[in-house]
Each structure stands twice: as structure tokens, then as C-alpha cells.
Amino acid sequence: MGSALDIPLHVKYIQSLGENKDDLVYHLTAHLRLNAVYWGLTALCVMKHKDALDRDEMVEFVMSCWDDEAGAFGAHPDHDAHLLSTLSAIQILVMQDALDRVDVPRIVKYILSLQQPSGVFAGDAFGEIDTRFLYCAVNALSLLGHLHELDVEKTVGYIRRCRNFDGGFGAREGAESHAAQVWVCVAALAILDKLDEVDVDTLAWWLAERQLPSGGLNGRPEKLEDVCYSHWVLSSLSILKKLHWINADKLIAFILSAQDLEHGGIADRPGDQADVFHTIFGVAGLSLLGYPGLDDLDPVYCMPAGLIESKGLRKDWEALPRKTSP
Amino acid sequence: MSELFADDPEWADVVPIRQYENVNPIAPIFYSEEYKDATDYFRGIIKTGEMSPRVLKLTEKIIRMNPAHYTAWQHRYKTLIAIKADLEEELRLMDVIATQFMKTYQVWHHRRLLLTAINSVDVAVLELDFLRDVLKLDTKNYHTWSYRQWILAHFNNETRLWARERAYAEQLLDADVRNNSAWHHRFFVVFSSGVRLGDEDREQVLRRELSYAKEKIALAPNNLSVWNYLRGVLEFTDTPFETLTSFVEPYTASRRLASGEEVLDLDNPLPSEKAELPCVAALEFMADIYEKRAGDAIAKAVEIWRSLADERDVMRKKYWEYRIRDALQKA
């Protein structure tokens, strides 16, 4: 029969992430801390347990990550500002209804300053470029209500140049198609109302081909399945309105089998160690597939769908209908 | 013997700065002694803005413990430039770190910055060689491949950089025909980044690439990468799928022709002994040919899609049913 989603257990797991740990791994991931808080919060929202983490404490933590020199957010107090953490900060504050804490003009300036002549965005002053950062910029500007300040043609032009022979998109111009990069490009195009840049049939087919006999999804041909692709592939298909091309039952079973039913959380594949990254993406996948008891997730913003809709930001995507029982 | 900066007299003049203390964090950090010590001193020299050889030692230590500490990388690079360090020596020093932490973004970005600053084709040649060694350890490493593609495009040197790339991709595909990264690289080198020296006869290039793809399909037909490659080549060159009918047909059969039945056709290699038939990708391809032919051929396409939906590729049943509906609607 297979397991069900153990929501109370995963909620406890997320709550425990902030607690005492002698774990070296925990502090070596300081550069991900703000992202991790966003992943945890989003998972809680989808599982309808948003209040499992204290709101005020969270907002204060986010604000403590403010890098006043740059005018944006770092991943952890004392870390330099970065687009990844800046987006996470904005997403958390929107979900906690605390966006008024933020110096919007300064952040907008920071974001726009990272756009390169080619149209792509750098992640920070270090200059690393990646379509992930392009998505962060577009999403953040949209949430801040300043998307109109973006040079859309220049931005879309770069995405266009990242389109490969298989219909997919890579991290940079010339790079191989990869499901995570496909999602950031497709979601950015969705926000910019430029989905006509996508060869929908070819790309949706490429995405559907990610499903392996186990029911799980991989990120590129001939690679292993991993629960996180349940988010990137499914969200992309949802935006392209071809989510039904995936065998939902088999994927749901795969995600559920990757749960750690002893300690909580979801892992990249059955038997491995759980982490908050795979927990949110597993839960996100289940939500899009209509798994009962979960809230709707917006696949463009990877945030609660109702919240995004209330801000007038909902785009034309489709998830599977929510079942009433497994 | 203590390895801590706190116990090192050479660092006595630096004021270490503890991780923020006043805020009650939602996500507290607990450090190992060495990491805490190193990052305390790092914050100390960030505050004073120091850029010196000892800062290189400090940042190296941090990076070896935590290669994703992007601020340490940033400051290291700024320091290298400020003190006019030997950047080629830095590359060599970083080789071990790149190999050890090849899945970390920062490692590769640092090398890209160095290559850009050094700005030498000689060094780019060495770098491509180094990447071959890295790819031996992880043939599909995404960062390594896209970094390789950047080097080629950035320096854009036909004779010294581009010239050996197709052969390199081929070498990897001979070792593992399912290496999607290598197929992508081949397309990148041959088609999507300009015309290579010696490839000016595009007809000849097309024949060569089709022949190569067919040969690899014959070897292992149930390989998505090579079929994607084949389709990509046909679409890029505006070559009708129809022209591959004779080649694809044997792959759609349920069994290989018994020996004696087959006619040797070098242009259309038959499935190898071990090939599992019929090949789903070949059926799909054949259905696309029928669909493009239109008219009476649509029924044949529908028949194939039906068999895929019901038997051959049930996982994607809804997709195949979509193809049927879509074709019948247009007919």
C-alpha cells in the first residue's frame, strides 16, 4: 500500500532544525541559512502549519541578515549580500506580512545593479553568473512591485540564448539543459509574460521524459532520480500546463518512500538522509500533484498560491485537482 | 601543537571578531573550534580591510573547511589582485581544491576569474587539460562542463582550443554513450557556437554527424541522449525526419532480422545483437515521420502512439493520448 505523508512528523523535523546541534554540517551551511529558513517556512505553509515557527523571531532573524553596505540580504548575519538570500528574505517577509520592514528602493537598486551587459544577473559582487540569479532578480522585483524597472527585452534575450537543441535551458549560454535551470528560466519567463519564448511541446516532452521506472524524476537524461526534481520538473510542467503528462501515482509513491519516518523530513531518494531542501521540494511536488491535506503552491514563485493570488501576481498555470483522500 | 590563529604570534595584531552575539537567533550556529577560530580572524581582517599574504593563508584554511564560504573566496580573489600574486601559481594551488570540491559553485567561479585576469590562451590550453582530469572523476559534472564551454567561447581560439573538442566529446561518448553532457558538448562544438575550422562544408558535417548518431543508436538504441541529439541535428539543419525512415524502421520492429535476412547497408546500421527491441524512441520517431506525412499516414502514427500508451511506454500514457487527440484534431 505504501506510506502516507506524515505531516506532524515533518513539522517537528522543521522545528528542530534551529535547535542545538554539535553538527559540523549545520554550521558549514551558514551560507545557506536564510534559504533554509525560507524552505522550512514554505514547507510549513504548504502543510498548513505556518505557525509552527515563531513569526517575530523569524522576522528578526531575517532583518539581522541585512547587509547595510550593499543594501540587501546575506545568507547569515555578517555574510555579504547575495541575490539568493535576498530573494529568500523577501519571500519570507511576504509570507510573514512584514515587507514594510524593508528598504525597498535600496534593494531594487542592488538587484538591478547585478544585471550584466549580456542580460544575465550576477549573484553578487563576486560576479558568478547563472540563470538562477536571473530568476531571483525577476521574482524579487515582482514581489517588491518594481518589475517595471527591469529591462525585460535584455533579460529575455539572455534566456533565449540559453535555449538548447532539446528545448531545455542551462545555467549559462552554452550550458547543458538541466531541470533546475529549466524551471528558473520558465518561471522567469512566466513572470515576464514571455512564455512564447518556450517551445512548449518539445520542452514539456523533455520534462515528461525525466520520469524513470521508479516513478521518480531525474534532472537530465541518464542521471539518477532525486526528490528535488519533483519540484523543478513538476513546477515547470505546471507552468506549461502539461502536468498531467507525468504519472502522478508513481511519483507520489516515490516521494512518500523517501520520507524519513523515524526522524522526519524527506531525503533525495529512499533510504538517504533527510534535509530541509528535499523536504520542501518533496512537499511542493505532492501539493502540485493534488495530494490531500496540503495547501496549494504557486509553481512560479514557489510560495503559497493563495498569497500570490492575493497580491495579483498569479500567472496562468495548472496543478492537478486536490484529492480528498490518498 | 595548536593550529589556531589565536595561538599564532604572527596574528597577535589582529582583533578576532566573534559571530554576532546580541541577537537571539532563530538559527544558531555551533562551531568547531578550528572553524570558529579561522572565521573569527577572518571577520577581524575584513573589518580592517587587510589584503596580504597571510590573508591568503587564512582564506585557504577556511575554504578547505568550507568551500561554499563565498565571502572568503571573494576576499581571497581581491587579495590576490591587490598584492599582485602569481595567479598561475594560484590556479595550481586550487587544483586540489577543485578536484576535492568539484560540486561547489565557488570553486569554478574563482578559476574563471583567474583565467579572465591572466588572459592567456596558453593558460586556457592547460586549463582545458586540467578539466579533462576532473571530468575523469565525474564525467557529467555540470559546473565543470559549463566552465569548459565558457573557456572555449571566451577565448574563441580555433586552432589551440576548439580544434580538439569534438574528438574529446567523441572519446567520452566511446567510453559511455549515455553521457548526456558529452552529447550536449558535441552539439555545442559542432553546431551552436559557430563553424569550426575544417567544418566549412556543412553538407559533409551533416552527413558525418548523422552517421555518428546512427552508429551510436545501433550500439545502444534505448538511450534518450542520442535520439535528442539526432533530433537536434535534423531540426538545426532543417533536414526532414522523413529522410531517416529506412534507418529507423528496423528499430521499430519487435525483433532483429535473423541473420541472412539482413542486407548490409553502411548508411543504415542495424540494431546490435544486445539491443532491446522495439525501441521506444524509434517508435516515437517513426510516429513523428507519419504525422508529418499527414493524410493516410496519420492512422499509422495513431497506431504507434496507441501501442506506446497501452504497452510500450505506459508511464507517459497521457502524453501519447495527447499526441493522438492533437493529430486527429488537426487532420
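Rules of the game
Residues numbered from 1 in each chain as written. Chains lettered and ligands numbered in written order. Predicted model: local features only at pLDDT ≥ 70, side-chain atom pairs only at ≥ 80, totals over all residues. Heavy atoms only, no water. Helix = DSSP H or I, 4+ residues; strand = E, 2+ residues; numbered from the N terminus. Rg over C-alpha atoms; globule rule 2.2 N^0.38 Å. Buried < 20%, exposed > 50% of the residue type's maximum accessible area, 1.4 Å probe, protein only. Contact = heavy atoms within 4.5 Å. Areas by Shrake-Rupley, 256 points an atom, 1.4 Å probe, with all protein chains shown as cover. Lys, Arg positive; Asp, Glu negative; His and termini not counted. Charge placed at Lys NZ, Arg CZ, Asp CG, Glu CD. Phe/Tyr/Trp six-rings, centres within 6.5 Å; stacked < 30°, edge-to-face > 60°. Lys NZ or Arg CZ within 6 Å of the ring centre and 35° of its normal. Buried area = accessible area lost by both parts, 1.4 Å probe. Salt bridge = Lys/Arg side-chain N within 4 Å of Asp/Glu carboxyl O. Polar contact = N/O pair within 3.5 Å; in protein donor to acceptor, adjacent residues only side chain to side chain. Nonpolar A, V, L, I, M, F, W, Y, C, P; charged D, E, K, R; others polar. pLDDT = per-residue confidence, 0-100.

**Student:** Before we move on, can you summarise the overall build of chain A with the specific residues and values?
**Tutor:** The number of helices and strands found in chain A is 14 helices and four strands. Scaling as 2.2 N^0.38, a compact globule of 326 residues should have a C-alpha radius of gyration of about 20 Å, and chain A matches this with 19 Å. Across its three principal directions, the C-alpha atoms of chain A cover 55 × 50 × 35 Å. The proportion of buried residues among the 326 residues of chain A is 64%. Here the contacts in chain A between residues at least 6 apart in sequence split such that 67% fall between residues at least 24 apart. Total accessible area on chain A is roughly 11,400 Å²; 50% of this is exposed by carbon and sulfur atoms. Taking the average place of the 28 positive charges on the side chains of chain A and the average place of its 47 negative ones, the gap between the two points comes to 4 Å.

**Student:** Give a description of the packing of aromatic side chains that names residues and reports values.
**Tutor:** By the definition in use, this model includes 32 aromatic pairs over all chains. Their ring planes at 65° and their centres at 5.2 Å tell us that Trp 205 of chain A and Trp 320 of chain B sit as a pair that is edge-to-face. With Trp 205 of chain A in helix α10 (residues 200-208) and Trp 320 of chain B in helix α15 (residues 317-330), this residue pair bridges two chains. Each member of the pair, Trp 205 of chain A together with Trp 320 of chain B, is buried. Above the ring of Tyr 212 of chain B, the side-chain terminus of Arg 186 of chain B is found at 3.9 Å from the ring centroid. Above the plane of the ring of Phe 241 of chain B lies Lys 292 of chain B, whose end atom (NZ or CZ) is 4.6 Å from the centre.

**Student:** Residues and numbers for the interface of chain B and chain A, please.
**Tutor:** On the side of chain A, 61 residues touch chain B, which itself brings 53 residues to the contact. Between chain B and chain A, the buried area comes to about 5,200 Å², and carbon and sulfur atoms account for 58% of it. Its salt-bridge partner being Glu 222 of chain A, residue Arg 178 of chain B comes within 3.9 Å of it at the nearest N-O pair. Applying the counting criterion to the chain B and chain A interface returns 18 residue pairs in polar contact (both at pLDDT 80 or more). Broken down by secondary-structure element, the contributors of at least two residues to the side of chain B that touches chain A are α1 (33-48), α3 (70-82), α5 (105-118), α7 (142-155), α9 (180-190), α11 (224-236) and α15 of chain B. Partitioned by chemical class, the residues of the side of chain B that touches chain A number 26 nonpolar, 18 polar and nine charged.

**Student:** So what's going on with the pattern of salt bridges? Residues and values would help.
**Tutor:** Residue and element names in this part refer to chain B. Evaluation of the coordinates by the stated rule reveals 53 salt bridges over all chains. The salt bridge partner of Asp 310 is Lys 317, with a shortest N-O separation of 3.1 Å. For Asp 310, a relative accessible area of 44% puts it in the partly exposed group. Residues joined by salt bridges that share partners form a network here, namely Glu 170, Arg 186, Asp 199, Arg 208 and Glu 209.

**Student:** I'd like a rundown of the confidence of the model for chain B, residues and numbers included.
**Tutor:** All names here are of chain B. The predicted model of chain B averages 92 in pLDDT, with 94% of residues at 70 or higher. pLDDT under 50 marks residues 21-28. Its contacts with residues more than four places away, or in other chains, come to 14 contacts. Here the predicted complex scores 0.93 on pTM and 0.93 on ipTM.

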